[in-house]
Amino acid sequence: MAFLDLTNLEKVFGTNRVVKDFSLGVDKGEFVSLLGPSGCGKTTVLRMVAGFETPTSGSIRIDGQDVTDQRTNQRAIGMMFQAYALFPNMTVADNVAFGLKVKGVPRAEREARVIEMLQLIGLPDLASRFPFQLSGGQQQRVALARALAPQPRVLLLDEPLSALDAKVRVSLRNEIREIQRELGITTIFVTHDQEEAMSISDRIVVMNGGIAEQAGAPFEIYNNPRTRFVAGFVGTLNMFTAMVEDAERGLITVAGQRIALATGAIEARNGETVNLALRPEAIRLGRAVSCEVVLPATIEAVHFLGSVIRVRARVAGTVVALDTFNRPDQPPPPLGSTAEISFAASDVILLPA
Amino acid sequence: MTRFFAWTAFLLGVLFFVLPLVGMTEFSLKMRRGEYSFDAYRRVFEDQRFWDTFSYSLILAGATIVFGVLLVVPTAYWVRLKLPQARPVIEFITLLPLVIPAIVIVFGYIRLYNTSSVLPLTGSALGTDFLLTMGYATLALPYMYRAVDTGLRTIDVATLTEAAQSLGAGWITILARIILPNVLVAVLSGAFLTLAIVIGEFTMAALLNRPAFGPFMQLLGANRAYEPPALAVIAFAITWGCMGLIQLVTRFSKHERAKV
Ligand SMILES: Nc1ncnc2c1ncn2[C@@H]1O[C@H](COP(=O)(O)OP(=O)(O)O)[C@@H](O)[C@H]1O
Ligand SMILES: [Mg+2]
């Protein structure tokens, strides 16, 4: 049994089923992200774990103990919110000490712990400041320290970075991950930003309409999305429709080109249409070695992003995005020119129609 | 041109407000024939009844404020947190004391709690004091509730509550350590208004026959010439003193400056 166990969680608001049959086990020290579009129920799941919402059905266990009916203040969880939630009437040190005071930790121990926490978040000199004297990034750091100070069993983060500007967001997310690793604290992180989720998570749960569509390591989710939604939500995706020629041998055709799928036999009937997905980085401009599928293309747009050049090309009636690395001796192709693209059959992701 | 009218209106307002004060102060200094003196003030301060009634009203004001804060802060907090749809109803209820005359309330009290009733509160001085305090709290309710509710609007009540809960705090801790400190200035302005109401209140104290400051002022006004304006000036000075104190407290609570 996992350290944090969510079993068949359901949440209904009025007639609105917001979370449907949601199950998840999080191991001790694991960093799991709930990823999905706005309104898909991420926050609701997190709030049920925190005890702010009572599940309509299902159960929540932390470290083997059933906490489903326990009140928030007895669950020993730490939480960080999207909105700045520091107590405005208290200094940074008092904010961090709050949970310890409530727990009845003696003063000397409390003060030592506050210093330790402020060092952990890299703000040892701001102890006597008030929240309104801090930047957004500093406030969220202090909020993290405050949540961690009483040594909670589980850390819950609800889009804690979304109010910050882009640069701070990236540096703080890495910092959160480092601190989480250092302390080995079991963590659930909610975000709608797939890049954020992929860059810091051990595991991602992609949610859609209150359902967990797929759970897995970022590498797994990105490279082997099981549903069309997951494939589309995580990263950019190029979709082709293909015709099944021989399901048993895994043969399909795209724009007259026959492709022998690496997976071999597929679950489809001959003559049926299926969806093929390809990541931008799996498609090459020109004929590349080890890319056995070659299709003619027209260049429609070129976006120079620095180390990467993203090209939009029309292939077999659809526009695909493909990424090439910048090389000084190889200028990008001119707009409107014809070219060939190629990809390996083993990179093809087959999705249910 | 608009500036000119604005200034004119402002000056008229100031005159309307200040002139009676100046006149009253001037008159209060004229007790000794032909010269200005503080004789009227000395007479007031020498009167034992002034000190008795004033301290009585002060104590009741203190009790009213404590009761009002204990009633209003948790209520306004709870309504904001859990029953936002009930806010119009609560606001209406808190406004009722403004439209129901104090005399109606006090007659209601006397009918309900007289010596032959189930709860004969008017039978003892302490019981009557308690009734009077409740009456004062009712009169002060519109001001106290509005002040506290406005104070609560400046903080994110729901998120702060949840943050405190996640850190292990219960309701009492949340109210005492987070909500109350953050609405302290609002509570103080409510307390100040309560004090002003209680010190000047006449009807309830007179009908319940308690030795409060209001009935004393009335008594003095009916029998003397120079002392009543002196008393009014004193009351005014106390009021302005309270306002100064509120300013001072605001200045000292650092985090409050962020909101201004
Ligand atoms: N307290 C509530 N009462 C009614 N509906 C709610 C409540 N909280 C959330 N919802 C609804 O539940 C759905 C999921 O919300 P939420 O969990 O906040 O999504 P997310 O965090 O993924 O954006 C939304 O449609 C939202 O309107
Ligand atoms: Mg959310």
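Look up a bit, the structure's there.
Residues numbered from 1 in each chain as written. Chains lettered and ligands numbered in written order. Predicted model: local features only at pLDDT ≥ 70, side-chain atom pairs only at ≥ 80, totals over all residues. Heavy atoms only, no water.

Student: When you look at the overall build of chain A in this model, what are you seeing that I'm missing?
Tutor: Along chain A, the regular secondary structure elements total eight helices and 20 strands. Across its three principal directions, the C-alpha atoms of chain A cover 75 × 50 × 35 Å. Relative to its 353 residues, chain A shows a buried fraction of 51%. Long-range contacts, defined as pairs at least 24 residues apart, comprise 65% of the intrachain contacts of chain A with a sequence gap of at least 6. With the model as given, the accessible surface of chain A reaches about 15,900 Å², and the carbon-plus-sulfur share is 49%. One finds the centroid of the 36 positive side-chain charges in chain A at a distance of 4 Å from the centroid of its 38 negative side-chain charges. (Helix = DSSP H or I, 4+ residues; strand = E, 2+ residues; numbered from the N terminus. Buried < 20%, exposed > 50% of the residue type's maximum accessible area, 1.4 Å probe, protein only. Contact = heavy atoms within 4.5 Å. Areas by Shrake-Rupley, 256 points an atom, 1.4 Å probe, with all protein chains shown as cover. Lys, Arg positive; Asp, Glu negative; His and termini not counted. Charge placed at Lys NZ, Arg CZ, Asp CG, Glu CD.)

Student: What exactly am I supposed to notice about the pairing of strand 17 (residues 308–315) of chain A here?
Tutor: Here is the key point about a regular strand: its side chains alternate between the two faces of the sheet. Residues and elements named next belong to chain A. Strand direction decides the pairing type here: strand 16 (residues 293–304) and strand 17, joined by six bridges, are antiparallel. Directly across from Thr298, in strand 17, lies its bridge partner Arg314. Counting the residues that bridge the hairpin from strand 16 to strand 17 gives three residues, and of these Gly306 lies at a positive phi of roughly 105 degrees. Where strand 17 meets strand 18 (residues 318–325), eight bridges bridge the pair, whose relative direction is antiparallel. Bridge pairing in strand 18 places Arg312 opposite Ala321. Linkage of strand 17 to strand 18, two consecutive antiparallel strands, is achieved through a turn of two residues, within which Ala316 is found at a positive phi near 50 degrees. (Pairing = 2+ DSSP bridges.)

Student: How should I be thinking about the packing of helix 2 (residues 92–103) of chain A against helix 4 (residues 136–148) of chain A in this particular structure?
Tutor: Packed helix pairs are specified by the crossing angle of their axes together with the interaxial distance, meaning the distance between the axes. All names here are of chain A. Helix 4 packs onto helix 2 with a crossing angle of 30 degrees between their chain directions and a minimal axis gap of 7 Å. Between helix 2 and helix 4, the angle is such that the two are roughly parallel. Here helix 2 and helix 4 pass one another in a crossing that is right-handed. Facing helix 2, whose interface residues are Val92, Asn95 and Val96, helix 4 presents Val142, Ala145 and Arg146. Its residues assigned to classes, the contact of helix 2 with helix 4 comprises four nonpolar, one polar and one charged. (Axes fitted to C-alpha atoms, helices over the stretch in contact; angles between N-to-C directions. Parallel < 35°, antiparallel > 145°, perpendicular 65-115°, else oblique. Left-handed = near helix turned anticlockwise from the far one by under 90°. Nonpolar A, V, L, I, M, F, W, Y, C, P; charged D, E, K, R; others polar.)

Student: Even after reading the chapter, I still don't get the sheet that holds strand 13 (residues 257–260) of chain A, so can you show me in this structure?
Tutor: All names here are of chain A. An order of 13-12-11-14-20 is seen for the five strands of this open sheet, with the pairing classed as antiparallel. Pairing within the sheet leaves two strands with one partner each, and these edge strands are strand 13 and strand 20 (349–351). On average, adjacent strands in this sheet sit at an angle of 40 degrees to one another, irrespective of strand direction. Pairing of strand 14 (residues 273–278) with strand 20 involves three bridges; the strand directions are antiparallel. Among the inter-strand pairings, Asn275 is bridged to a residue of strand 20, identified as Leu351.

Student: Even after reading the chapter, I still don't get the environment of Trp51 of chain B, so can you show me in this structure?
Tutor: Locating Trp51 of chain B in the fold gives a position in helix 3 (residues 48–82). Measuring from C-alpha to C-alpha, the distance between Trp51 of chain B and Phe213 of chain B comes to 9.0 Å, with 162 residues separating the pair along the chain.

Student: What is the right way to read helix 1 (residues 42–50) of chain A from this model?
Tutor: Residue and element names in this part refer to chain A. Counting buried positions along helix 1 yields eight of nine residues, so the element is predominantly enclosed. Every buried residue of helix 1 is listed here: Lys42, Thr44, Val45, Leu46, Arg47, Met48, Val49 and Ala50. A positive backbone phi angle near 95 degrees is found at Gly51, which sits one or two residues after helix 1.

Student: Would you mind showing me how to read the interface of chain A and chain B here?
Tutor: Interfaces are often sized by the amount of accessible area the parts lose when they come together. Listed as interface residues are 23 residues of chain A and, on the opposing side, 21 residues of chain B. Both faces considered, chain A and chain B share a buried interface measuring about 2,000 Å² in area, 69% of it formed by carbon and sulfur atoms. Among the residues of chain A in contact with chain B, Asn73, Asn89 and Phe98 of chain A are the three that bury the most area, contributing 26% of the side total. Linking chain A with chain B are one salt bridge. Linking chain A with chain B are four residue pairs in polar contact (both at pLDDT 80 or more). For the side of chain A that touches chain B, the secondary structure elements donating two or more residues are strand 6 (77–80), helix 2 and helix 4 of chain A. Looking at the side of chain A that touches chain B element by element, the count peaks at four residues for helix 2 of chain A. Partitioned by chemical class, the residues of the side of chain A that touches chain B number 16 nonpolar, four polar and three charged. (Buried area = accessible area lost by both parts, 1.4 Å probe. Salt bridge = Lys/Arg side-chain N within 4 Å of Asp/Glu carboxyl O. Polar contact = N/O pair within 3.5 Å; in protein donor to acceptor, adjacent residues only side chain to side chain.)

Student: In this structure, what is going on with the pairing of strand 16 of chain A? I would like to understand it.
Tutor: As judged from the six bridges shared by strand 16 of chain A and strand 19 (residues 338–343) of chain A, these two strands associate in the antiparallel manner. Counted as the bridge partner of Val293 of chain A is Phe343 of chain A from strand 19 of chain A.

Student: Would you mind going over a nonpolar patch on the surface with me for this structure?
Tutor: Residues and elements named next belong to chain B. On the surface, a nonpolar cluster with roughly 830 Å² of combined accessible area is contributed by Leu95, Leu98, Val99, Ile100, Ile103, Val104, Phe107, Tyr143, Leu193 and Leu207. Taken together, the elements giving at least two residues each to the nonpolar patch come down to helix 4 (87–99) and helix 5 (102–112). Structurally, Ile100 is set in the loop between helix 4 and helix 5. Taking the relative accessible area as the measure of exposure, Ile100 reaches 33% and is therefore partly exposed. (Patch = residues over 30% accessible without salt bridge, like charges linked within 9 Å, V, L, I, M, F, W, Y side chains within 5 Å.)

Student: Honestly, the pattern of salt bridges in this entry has me stumped. Any pointers?
Tutor: Any two side chains of opposite charge can pair, given that their charged atoms come close. Under the criterion given, the structure shown has 28 salt bridges over all chains. Glu116 of chain A serves as the salt-bridge partner of Arg113 of chain A, at 3.2 Å between the closest nitrogen and oxygen. In this pair, Arg113 of chain A and Glu116 of chain A both sit in helix 3 (residues 107–120), three residues apart, roughly one turn of the helix. According to the relative accessible area criterion, Arg113 of chain A is buried, its value standing at 15%. We classify Glu116 of chain A as partly exposed; its relative accessible area is 45%. Taken together, the shared-partner salt bridges connect Arg32, Glu35, Asp39, Arg42 and Glu46 of chain B into one network.

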